[in-house]
Amino acid sequence: MDFDFPLRKIIHVDMDAFYASVEQHDNPELKGKPIAVGGGSKRGVVSAASYEARIFGVRSAMAGSIAQRNCPDLIFVKPRFERYKEVSYEIRSIFFEYTDLVEPLSLDEAYLDVTENKKGNPSATLIAKEIRQKILEKTGLTASAGISINKFIAKVASDYNKPNGQKTVNPEEVIQFLEDLDIRKFYGVGKVTAEKMYRLGIFTGKDLKQRSLEFLDEKFGKSGSYYYHVVRGIHHSAVKPHRTPKSVGAERTFFENLSSEIFMLEKLENIASELERRLQKSKIAGKTVTLKIKYSDFTLQTRSKTLPYYIASKDLILETARELLYQSSLENSVRLLGISLANLNTEKQKEATEKEVVSVQLRFDF
C-alpha cells in the first residue's frame with residue numbers, strides 16, 4: 001500500500017496495570033492476588049486494578065463497593081502517587097536513550113517517534129522489544145507496545161497483545177488491519193459513540209470506510225472528519241515532546257452526598273483555590289469555565305461558560321462556577337464537583353508544532 005504522505009515509525013508504550021503492578025512489585029505478598037488501588041473507603045473509586053481483579057470485572061473508575069461485590073476477595077491498596085511518578089521517570093529515562101521525541105500521555109503511557117533514533121536502529125519493532133526488556137530489568141514491571149506508521153494505529157496496536165506483548169502493523173498491513181478492526185477498538189470511539197455507530201450499521205472499520213465524509217460529519221459533527229481519515233490510515237498528529245494542555249482542572253469526591261447548593265459553594269471555593277494554584281504553577285490562564293457535577297446515581301453533567309477575557313484567579317473562577325451552579329436546578333444529590341478551565345492562552349503556541357512532519361517519504365521495514 002502506497003501512502004501519499006510521509007510515513008513515520010511510531011511506538012506507543014503502555015505499562016501493564018501500572019499502579020497495581022507497582023504495588024505488587026513493591027509488596028510481594030500481593031503478587032498473584034486481585035488488588036485495587038484506591039476504592040477502599042465508603043466513597044472510594046478504583047484508580048487501577050490488577051489483572052487478577054479484572055477477571056472479575058473490576059475496572060478503574062468503578063465504585064469500590066461495586067468492585068468488592070464483583071470480587072469478594074479484592075484487596076484495596078492506598079494509592080502512592082509519588083511512588084508511581086518515581087517509577088514513571090525511570091521508565092521515561094529509558095525512552096530518551098532512543099529518541100527525544102517522547103510524548104507522555106500519562107504516567108504509564110507515551111508515544112515515541114523513532115523514525116530517526118539515537119541508536120541508529122532501522123527497526124522500530126526491535127527498538128520496542130529492547131525498551132520493554134529494559135523496563136523489565138530496571139523496574140521489574142512489564143509493558144506492552146504498538147508499532148506502526150502513526151500515533152492512532154500504534155495506540156490501537158498496543159492493546160492487542162496485552163499484557164507483556166507487542167504488535168507491529170507494517171505499512172502494507174495498515175488498511176486491512178483497520179478494515180478488520182471492531183469499531184469499539186478505534187481510539188476515540190467511546191461506548192456511547194460505538195452504540196450510535198451500531199445503530200447506523202457500522203460495526204467494523206470496513207463499514208466505517210464505506211460511509212462518506214458528509215454522512216459522518218452530519219452524524220458525528222467535528223469527529224466525523226477524524227473517523228473518516230483514521231480508518232484510511234491518515235493521522236498526521238506529530239509526536240509532541242512538550243504537550244500543550246487543553247484544559248486544567250480540579251475536582252473532589254465527597255464522603256457524603258450533598259443536596260444543598262450552600263454546602264456545595266463551600267466545596268467549590270476549595271476546588272477553585274486548588275485550580276488557581278495549578279494555574280499559577282503552570283503560568284496558564286483560560287476563558288472557558290466548566291462545572292462538572294456527578295450525581296449520586298453516577299450520572300454526569302457539565303455546564304460551561306466562555307468569558308471574553310482570560311482568567312486565572314480564584315475569585316473570578318469561583319464567581320463563574322457559582323453562576324453555573326445556579327444555572328439550573330440539580331437533578332439529584334451530588335457526590336462529586338469539579339471545575340476546569342479551557343480555551344487556554346497556550347493554544348496558539350502549538351500551531352508550529354502541529355505542522356511538524358518528517359519531510360522525506362520513507363520506505364522501510366518495521
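As a reminder, the structure under discussion sits directly above these lines.
Residues numbered from 1 in each chain as written. Predicted model: local features only at pLDDT ≥ 70, side-chain atom pairs only at ≥ 80, totals over all residues. Heavy atoms only, no water.

**What about the sheet that holds strand β4 (residues 75-77)?**
- Read from one edge of the open sheet, 3 strands run β3-β2-β4, paired in mixed fashion. Of all the strands in the sheet, just β3 (46-49) and β4 have a single pairing partner and so form its edges. The sheet shows a mean angle of 30 degrees between the axes of neighbouring strands, taken without regard to direction.
- In terms of strand pairing, strand β2 (residues 35-38) meets β3 through 3 bridges, oriented antiparallel. In the sheet register, Gly38 faces β3, and the bridge partner there is Val46. (Pairing = 2+ DSSP bridges. Helix = DSSP H or I, 4+ residues; strand = E, 2+ residues; numbered from the N terminus. Axes fitted to C-alpha atoms, helices over the stretch in contact; angles between N-to-C directions.)

**A word on the environment of Ala143**
- Examined against the element boundaries, Ala143 turns out to sit in strand β7 (residues 143-148).
- In the structure, Ala143 is positioned 15 residues away from Ser158 in sequence and 9.4 Å away in space, judged by C-alpha atoms.
- Setting aside its immediate chain neighbours within four residues, Ala143 contacts Val13, Asp14, Met15, Asp16, Arg132, Ile135, Asn164 and Gly165. (Contact = heavy atoms within 4.5 Å.)

**Brief notes about the pairing of strand β6 (residues 109-113)**
- The buried count for β6 comes to 5 of 5 residues, which makes it a mostly enclosed element.
- When strand β1 (residues 10-15) meets β6, the two strands line up antiparallel, connected through 5 bridges. Residue pairing for β6: Asp14 is matched across the bridge by Glu109.
- Pairing geometry for strand β5 (residues 102-106) and β6, over 4 bridges, is antiparallel. Looking at the pairing, Pro104 lines up with Ala110 of β6.
- Connecting the antiparallel pair β5 and β6 is a turn made up of 2 residues. (Buried < 20%, exposed > 50% of the residue type's maximum accessible area, 1.4 Å probe, protein only.)

Purely geometric numbers; function is a separate question.
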